[in-house]
Each structure stands twice: as structure tokens, then as C-alpha cells.
Amino acid sequence: MNKHSDNVSGWKKFMKSMTGAHDLATEEDIMLDHDYDGIKELDNVLPPWWLAGFYITIAVGIFYYVMVYGFGKYKQADEFAAAMDAAKKEIAAYKAANPELFNTDNIVAFTDAENLAKGKELFASKTCTACHLEDLGGSIGPNLTDNAWFLGGTVIDVYNTIAKGGRPGKGMIAWESTLSRLEMQQLSSYIISMQGTTPQNPKAAEGDIIWPE
Ligand code: HEC
């Protein structure tokens, strides 16, 4: 045998040990005795390479379970709580560093055409019109063009109503999780700009806060 054929047989041996393949010559030995229309089945062993992987995953699984849930200090719930704490701190720090983004006392009404047009567009696209109507005359929600308010008629009041919602159970939800600060500012500016207009079918004035006094 030359060197080359040595290599080949070495490789073959390796493959045989990895696959556990049965010699073709003695295949009869592992032939199962059933016969389906001439199709027969060999009772081959599971390939050792596959079995090794299978046993390794079992071992790793047990090791992991014991380390994580048995003796280990690690708890998924702790990791979650720690991540939530860290995020809360980050949010608090961000709010402290950028008070102007979270304060509502510094909200001013836009008066430029572009922002008011955006406000009008949002009023329709965010379904405000479903309850307050296209011309703000009111249906389920109150008329927003008159000077009577449930919750106050300054731009800051209106902004806060949009952000935090109306009184509980009245049907006006809080929008701050779905609308951005700018969007809520555009909406409240638009509503303020519509003060004193005459809707087609205005709902009777509601609310005890009369604005401006
Ligand atoms: C499901 C119906 C509904 C939708 C949709 C709705 N509102 Fe309202 N809205 C109401 C009701 C009802 C009230 C009265 C709340 C109360 O009595 O506390 C109200 C109150 C308000 C007020 C305060 C009125 C006042 O008298 O103080 C403003 C401002 C307002 N809505 C703006 C909006 C805007 C802007 C949107 C869209 C982003 C919107 N609403 C969507 C039902 C709705």
C-alpha cells in the first residue's frame, strides 16, 4: 500500500466510526424481516456523531438547569427587575436633563399656517372627528368651538386634556402614548384656533369653565 491509499483507508475508518455504517457485504445480518412489496429495511444504528451531539445537549441542558435554577444565584425575574430599574433611572435622568420636553407649563399655541394645518389633519386622522365632528361642533364629545369647557380652555389645559384624557368614564382617552408632544401641541393649537367659529350643528355649551372669563 502506498501512502495515498493509507490516507484513504484512514479516512474511511474515521467515517465508519462516525457513521457506524454497517459493511455492505454483511448487510443481510441487519436486514429486518418485514418486506413491503419488495422494499426491505436495514436496522442501522443511529450514527455516533449524531448520538454524541444528542448526549452533549442533554448534558449541557442539565448543567444549565442546575447552575441557573439550582445552585446559581441567577434568576430571570431578578434580571428583569434590574433592567427595569436601570431603565427607570435612565428615564428619570433624561427627564431631569430635559425638563422642557416634559413640562406642560411651557406649551404655547402655534399660530402659523403649517402647524395649524397639521393639527387639522391630525384631528381627522386620529379619529377626533368621530366624537367631536369635523367642524368641532361636538357629538359624543363636547363642542370645542365655544368658550365653555369641562377641563379648561387655555392651550395648556387643552394639551393636558389630550395628553391625559378627560374625566374617568367620559370616553375621552389619554393620547400621550400614541401621539408625540409636537402632535399634541399641533392639535391643541388647532383647537384653540377654532375658538369662536360656528359649526353647522353646534352641540349646546357644556362645562362650567368659561374661557376667556
Ligand atoms: C370616543 C370619543 C372621543 C374621541 C375619539 C375623542 N374625544 Fe375628545 N372628548 C370626548 C368626550 C366624551 C369628552 C368630554 C370629557 C369629559 O367630560 O371629561 C372629550 C373632551 C375633549 C376635550 C376637552 C373639552 C372640554 O370641554 O374641556 C378636548 C380638548 C378634546 N376632547 C380633544 C380631543 C382630541 C384632540 C381628540 C383626538 C386626538 C379627541 N378629543 C378624541 C370624546 C372623544
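A.B. asks: Can you walk me through the confidence of the model for the chain in this structure?
C.D. replies: Fine structural detail should not be taken from predicted coordinates in areas where pLDDT scores are low. In this model, the chain carries an average pLDDT of 91, and 96% of its residues clear a pLDDT of 70 or more. Looking across the chain, the model is least confident in helix H1 (residues 3-19), with a mean pLDDT of 78, and most confident in helix H4 (residues 113-125), with 97.

A.B. asks: Is there a simple way to explain the coordination of the iron atom of the ligand in this structure?
C.D. replies: Six octahedrally arranged donors around a metal ideally form angles of 90 or 180 degrees; four tetrahedrally arranged donors ideally form angles of 109.5 degrees. Surrounding the iron atom of the ligand are the protein donor atoms His-132 (NE2) and Met-172 (SD), at 2.0 to 2.2 Å. Around the iron atom of the ligand, the six donor atoms are arranged such that angles at the metal cover 86 to 179°; this shape is classified as octahedral. Placement of His-132 in helix H5 (residues 128-132) and of Met-172 in the loop between helix H6 (155-164) and helix H7 (181-193) is noted, with a sequence separation of 40 residues between them. For Met-172, a relative accessible area of 27% translates into the label partly exposed.

A.B. asks: Could you clarify how one ought to interpret the pairing of strand E1 (residues 31-36) in this entry?
C.D. replies: For a regular strand, side-chain orientation follows a simple rule: the groups alternate between the two sheet faces. Strand direction decides the pairing type here: E1 and strand E2 (residues 39-42), joined by three bridges, are antiparallel. Within E2, the residue paired with Asp-35 across the bridge is Lys-40. Between E1 and E2, which follow one another and run antiparallel, lie two residues, and Asp-37 among them has a positive phi close to 50°.

A.B. asks: Would you mind showing me how to read the site of the ligand here?
C.D. replies: Around the ligand there are 23 residues in total, and Cys-128, Cys-131, His-132, Phe-150 and Met-172 lie nearest to it. Between a nitrogen atom of the ligand and a side-chain N or O atom of His-132, the distance comes to 2.8 Å. At a separation of 2.8 Å, an oxygen atom of the ligand approaches a polar backbone atom of Leu-151. Those elements that provide at least two residues to the shell around the ligand are H5, H6 and H7. Broken down by class, the residue content of the shell around the ligand amounts to 15 nonpolar, six polar and two charged.

A.B. asks: Is there a simple way to explain H7 in this structure?
C.D. replies: Given a rise of 1.5 Å per residue, 13 residues ought to cover 18 Å, and the 18 Å separating the end C-alpha atoms of H7 matches this to within 8%. Each element contacted by the buried residues of H7 is listed here: H4, H5, strand E3 (148-149) and H6.

A.B. asks: Even after reading the chapter, I still don't get the nonpolar core, so can you show me in this structure?
C.D. replies: Generally speaking, soluble globular proteins have nonpolar side chains that are buried together. In terms of nonpolar packing, the biggest core is built from 19 residues, with Phe-123, Leu-136, Ile-162, Leu-187 and Ile-191 touching the most fellow members. Elements represented by at least two residues in this core include exactly H4, H6 and H7. Looking at this core, the element that brings in the most residues is H6, giving five residues. Those residues within four positions of Leu-187 in sequence are excluded, and the remaining contacts are Gly-119, Leu-122, Phe-123, Cys-128, Ile-162 and Leu-179.

A.B. asks: I keep staring at the packing of H4 against H7 and nothing clicks. Help me out?
C.D. replies: For any two helices packed against each other, the geometry comes down to the angle between their axes and how far apart the axes lie. Relative to each other, H4 and H7 sit at 95°, their axes nearing to 7 Å. Relative to H7, the element H4 lies roughly perpendicular. Only Glu-183, Gln-186, Leu-187, Ser-189, Tyr-190, Ile-191 and Ser-193 of H7 make contact with H4, whose side of the interface consists of Asn-115, Leu-116, Lys-118, Gly-119, Lys-120, Leu-122 and Phe-123. Class assignment for the residues of the contact of H4 with H7 results in six nonpolar, five polar and three charged.

Reading the values: rules and limits
Residues numbered from 1 in each chain as written. Predicted model: local features only at pLDDT ≥ 70, side-chain atom pairs only at ≥ 80, totals over all residues. Heavy atoms only, no water. pLDDT = per-residue confidence, 0-100. Helix = DSSP H or I, 4+ residues; strand = E, 2+ residues; numbered from the N terminus. Donors = N, O, S within 2.8 Å, 3.2 Å for Na, K, Ca; no water. Tetrahedral: all angles 85-135°; square planar, octahedral: opposite > 155°, others 65-115°. Buried < 20%, exposed > 50% of the residue type's maximum accessible area, 1.4 Å probe, protein only. Pairing = 2+ DSSP bridges. Near = heavy atom within 4 Å. Polar contact = N/O pair within 3.5 Å; in protein donor to acceptor, adjacent residues only side chain to side chain. Nonpolar A, V, L, I, M, F, W, Y, C, P; charged D, E, K, R; others polar. Expected span 1.5 Å × (residues − 1). Contact = heavy atoms within 4.5 Å. Core = buried A, V, L, I, M, F, W, Y, C linked by side-chain atoms within 4.5 Å. Axes fitted to C-alpha atoms, helices over the stretch in contact; angles between N-to-C directions. Parallel < 35°, antiparallel > 145°, perpendicular 65-115°, else oblique.

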